[in-house]
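Spelled out from the first residue to the last, the chains are:
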Amino acid sequence: MSFFEGYRCCVCEREVPAGSPAGECPSCSSPLLGVYDLPLLGRRVDREELLGRRGGSVWRFRELLPDLSRRVSLGEGGTPLVEADRLGERIGATDLYIKDESSNPTGSFKARGMALAVSRLLDLGIGSAYMPSAGNAALALAAYGAAAGVSVSIFLPRAAPWGVAEECRLYGADVDVVEGLLPDAAARMSKVIGSDRSGLVATFREPCRVEGKKTIAFELEADIGSIDWILFPTGGGTGIVALWKAYGELEELGWLRGAKPRLAAVQSSGCAPLVRAFERGEEACSDWDSPRTLACGICVPATRADRLILRALRESGGAAVSVSDDEILQAVEDISSRTGIFPSPEGAATWAGLLRLVGEGRINPSDRIVLVNTAGGARYRFLLGRRAP
């Protein structure tokens, strides 16, 4: 049976039915989040039965996901949680892990969200999808669109990593490469598509992407539980919102083995609107002027979910920290040489962020800590041997 009840606006709390094509709140245009009958789920489903499942992609957590009739999957989820003992020796951390999302289809955690988003399009009878993307989300949408027979249009900034446009086209997507950064690609998309938003799956304009990404938390709870800190590279912020939502659901179900973890958002010092707002005690972010970082996945000068992200960080007792491109490049070398994982610059930023937070006394190295490597470093090989200017 389904426990999914529909969607709710995160600001005005308007309820949106499960079968609605709305990607954002019809009243205030704020992000929508999935809603479940958790008391009923807790009475009907056993914790060990649900969290103990192996294989079957993200859909093995189906009771805590939207009830969609067509479930697209390329085998996403079930990514390894790697003990990083040699890396931890640098700071005296003996309980350090890396959740390595690079083994997902198309090499990033974006696959989790796109599996749900494209499935929802099929459920609604929508045969086309479009979005602006800095790279990894574009690849995921193109691949899942190909698997589902959905027509895909991508608006990609020129700053995206080499090969992304070509790979998207290989999956059959139409790709418009736009001069500039992600906001420029978004502006081009808006001009091209006009008022038709039925196939838009951009960040926080499609509620199921958050639902898919929250399965990271379900896997962490199943694998080790009782985590003190999770560090996540943050641009648009779906990862932070998804984790906090998932842990809230697990807590309400009484399924957590310990307290909810503290969350730390890691941004580049060349584009850190969330860090600035967090440090100032602000409830919302102002746009970041002249964003610049080699970690293109977190080069996001504004996010529609700034209030949600900041609330999650503060409610968790967490942190927000920015690191330089030089620190990120050094972190790529550190992680690669001490764990055998070749991380993306975004994923490596979490190690650089941890070094800073430990150095400032904000994280105790004896805590149980998880770094989330959101993507693999293979498509960033052009950065090898480079140092930031």
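It should be noted that the structure appears before, not after, this text.
Quick notes on the rules
- All residue numbers here refer to positions counted from 1 along the written sequence of the relevant chain.
- In keeping with the model being predicted, local features are shown solely for residues with a pLDDT of at least 70 and side-chain atom pairs are shown and tallied solely at 80 or more, while totals for entire chains, interfaces and linings include all residues.
- The side-chain values count all of the structure's non-hydrogen atoms but skip hydrogen atoms and water molecules.
- Secondary structure follows DSSP: runs of H or I at least 4 residues long count as helices, runs of E at least 2 residues long count as strands, and numbering of each begins at the N terminus.
- Taken over C-alpha atoms, the radius of gyration is set against a globule rule of 2.2 Å times the number of residues to the power 0.38.
- Note on exposure labels: buried denotes an accessible area under 20% of the residue type's maximum, exposed denotes more than 50%, and partly exposed covers the range between, all computed with a 1.4 Å probe on protein chains only.
- Put simply, buried Ala, Val, Leu, Ile, Met, Phe, Trp, Tyr and Cys residues joined by side-chain atoms within 4.5 Å make one nonpolar core.
- Contacts are assigned to residue pairs that have any heavy atoms within 4.5 Å of one another.
- Only a pair of cysteine sulfur atoms within 2.5 Å counts as a disulfide in this structure description.
- Salt bridge criterion: a side-chain nitrogen from Lys or Arg within 4 Å of a carboxyl oxygen from Asp or Glu.
- Cavities and pockets are found on a 1 Å grid laid over the protein atoms alone: a cavity is a set of points where a 1.4 Å probe fits but cannot escape, a pocket is an open set with protein on both sides within 12 Å along at least five of seven lines, and a lining residue has an atom within 4 Å of such a point.
- Grid points are joined across faces, edges and corners, and a volume is the space filled by probe spheres set on the points.
- Classification used: nonpolar for Ala, Val, Leu, Ile, Met, Phe, Trp, Tyr, Cys and Pro, charged for Asp, Glu, Lys and Arg, polar for all others including Gly.

A.B. asks: Explain the overall build of the protein to me, and be specific about the residues and the numbers.
C.D. replies: Regarding its fold elements, the protein presents 14 helices and 12 strands. Over its C-alpha trace the protein gives a radius of gyration of 19 Å, about what one expects of a compact globule, namely 21 Å for 389 residues. Considering only C-alpha atoms, the protein reaches an extent of 50 × 50 × 40 Å along its principal axes. Counting only residues that meet the buried cut, the protein has 60% of its 389 residues in that class.

A.B. asks: Let's hear about the nonpolar core: which residues, and what values?
C.D. replies: Side chains that are nonpolar tend, in soluble globular proteins, to be buried together. The biggest cluster of nonpolar side chains holds 98 residues, and the ones touching the most others in it are Leu141, Ile154, Ile230, Trp255 and Val370. Looking at this core, the element that brings in the most residues is helix 10 (residues 238–253), giving 9 residues. Contacts of Leu141, omitting those with residues within four sequence positions, involve Met114, Val118, Ala129, Tyr130, Met131, Val152, Ile154 and Val201. Within the second largest apolar cluster, 35 residues are counted, among which are Ile98, Leu231, Val323 and Ile369.

A.B. asks: An account of the state of the cysteines is needed here, citing residue identities and associated values.
C.D. replies: Taken as a whole and judged by the stated rule, the model has 0 disulfides. In this structure Cys12 is a free cysteine whose sulfur lies 3.5 Å from that of Cys25, the closest cysteine sulfur available. Assessed through its relative accessible area of 2%, Cys25 is described here as buried.

A.B. asks: Which residues make up the pattern of salt bridges, and what values go with them?
C.D. replies: In the structure shown here, the tally under the stated rule is 27 salt bridges. For Arg280, the salt bridge is made with Glu282, and the minimal N-O distance between the two is 3.9 Å. The salt bridge partner of Arg307 is Glu283, with a shortest N-O separation of 3.6 Å. Taken together, the residues span a long stretch of sequence, with Arg307 in helix 12 (residues 306–315) and Glu283 in the loop between helix 11 (273–280) and helix 12 at a distance of 24 residues. A relative accessible area of 45% means that Arg307 is categorised as partly exposed. Of the residues examined, Glu283 reaches a relative accessible area of 57% and is grouped as exposed. In this structure, a network of salt bridges that share partners links the residues Arg60, Lys99, Glu101, Arg112 and Glu219.

A.B. asks: How would you explain the layout of surface pockets if you had to name every residue and give the values?
C.D. replies: By volume, the largest pocket is sized at about 790 Å³. Residue lining of the largest pocket: 45 residues in total, with Pro132, Leu182, Thr203, Gly236 and Val300 positioned closest to the centre. At the level of elements, strand 6 (128–132), helix 5 (136–148), helix 7 (182–193), strand 9 (229–233) and helix 10 are the ones that each hand at least two residues to the lining of the largest pocket. Element by element, the count of residues in the lining of the largest pocket is highest for helix 7, at 6 residues. Class assignment of the residues belonging to the lining of the largest pocket gives a composition of 22 nonpolar, 16 polar and 7 charged.

Treat this as a map of the structure, not an account of what it does.
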